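Structural description and commentary
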Amino acid sequence: QVQLVESGGDLVQAGGSLRLSCAASGGTFSGYGMAWFRQAPGKEREFVAAIKAGGGTTYYGDSVKGRFTMSRDNSKNTVSLRMNSLEPEDTAVYYCAAGRVILSSLRTQSAYTYWGQGTQVTVSS
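An account of the accompanying structure is given in this report. Since this is a predicted model, take the numbers as computed values, not measurements. (Residues numbered from 1 in each chain as written. Predicted model: local features only at pLDDT ≥ 70, side-chain atom pairs only at ≥ 80, totals over all residues. Heavy atoms only, no water.)

1. Some details on the overall build of the protein
- Helix and strand content of the protein: 0 helices and 11 strands.
- Reading the protein from its N terminus to its C terminus gives the helix and strand order β-β-β-β-β-β-β-β-β-β-β.
- For the protein, the C-alpha radius of gyration of 13 Å lies close to 14 Å, the compact-globule estimate for 125 residues.
- Taken over the C-alpha atoms alone, the protein extends approximately 40 × 25 × 25 Å along its principal axes.
- Burial statistics for the protein: of 125 residues in total, 43% are counted as buried.
- A separation threshold of at least 6 residues defines the contact pool for the protein, and within that pool the share at least 24 residues apart is 58%.
- Carbon and sulfur atoms make up 45% of the accessible area of the protein, which amounts to about 6200 Å² in all.
- Put simply, the protein has 12 plus and 9 minus side-chain charges, and the middle of one group is 8 Å from the middle of the other. (Helix = DSSP H or I, 4+ residues; strand = E, 2+ residues; numbered from the N terminus. Rg over C-alpha atoms; globule rule 2.2 N^0.38 Å. Buried < 20%, exposed > 50% of the residue type's maximum accessible area, 1.4 Å probe, protein only. Contact = heavy atoms within 4.5 Å. Areas by Shrake-Rupley, 256 points an atom, 1.4 Å probe, with all protein chains shown as cover. Lys, Arg positive; Asp, Glu negative; His and termini not counted. Charge placed at Lys NZ, Arg CZ, Asp CG, Glu CD.)

2. A look at the environment of Val64
- Within the element layout of this structure, Val64 appears in the loop between β6 (58–60) and β7 (68–73).
- Sequence spacing of Val64 and Met83 is 19 residues, and the spatial spacing of their C-alpha atoms is 8.5 Å.
- Aside from chain neighbours lying at most four places away, what touches Val64 is Arg38 and Val48.

3. Some words on the sheet that holds β7
- Spatial strand order, β1-β3-β8-β7: 4 strands in an open sheet with antiparallel pairing. In the strand order of this sheet, the two ends are held by β1 (3–7) and β7, each with one partner. Each neighbouring strand pair of the sheet contributes to a mean axis angle of 15°, computed without reference to strand direction. (Pairing = 2+ DSSP bridges. Axes fitted to C-alpha atoms, helices over the stretch in contact; angles between N-to-C directions.)

4. Concerning the state of the cysteines
- Taken as a whole and judged by the stated rule, the model has 1 disulfide.
- Disulfide pairing is shown between Cys22 and Cys96; the S-S distance is 2.1 Å. Its S-S torsion of approximately -80° makes the covalent link between Cys22 and Cys96 left-handed. Remark: Cys96 occurs in strand β9 (residues 92–99) and Cys22 occurs in strand β3 (residues 18–25); sequence separation between them is 74 residues. Taken individually, Cys22 and Cys96 each receive the classification buried, so the pair is uniform in this respect. (Disulfide = S-S within 2.5 Å.)

5. A few points about the nonpolar core
- Core analysis: the biggest nonpolar cluster contains 30 residues, and Leu4, Met34, Trp36, Met70, Leu81, Met83 and Tyr94 have the highest contact counts within it.
- Listed by contribution, the elements that provide at least two residues to this core are β3, β4 (33–39), β5 (46–51), β7, β8 (78–83), β9 and β11 (119–124).
- The next biggest cluster of nonpolar side chains, apart from the first, holds 8 residues, and it includes Ala35, Phe37, Ala50 and Ala97. (Core = buried A, V, L, I, M, F, W, Y, C linked by side-chain atoms within 4.5 Å.)

Right, here's the structure in full:
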């Protein structure tokens, strides 16, 4: 069983930056693909970013590509999401997810077994 705890959500002005963190415990962290998803009010949860179990290549949703950067530190059992040039459209609850995910399913919510409680990001215009 893996527990995930997100932190770093805040209220920020458009154009600003935030860094989200996700701390994992209770499992072999390095063996899990990790991802960030987000859900805005009244909208479906959408893929933001993902990174393979061993690290290295990252994958991004089209709406955040070039602005967000995901990384992982297997020695600390953490992943982070650096968000730059934030826009009001980025306002959402951001969720960290973990799972034994194959490459072709990294963008798929149902591929992830474990989820955090979420952290609120609000971007004001």
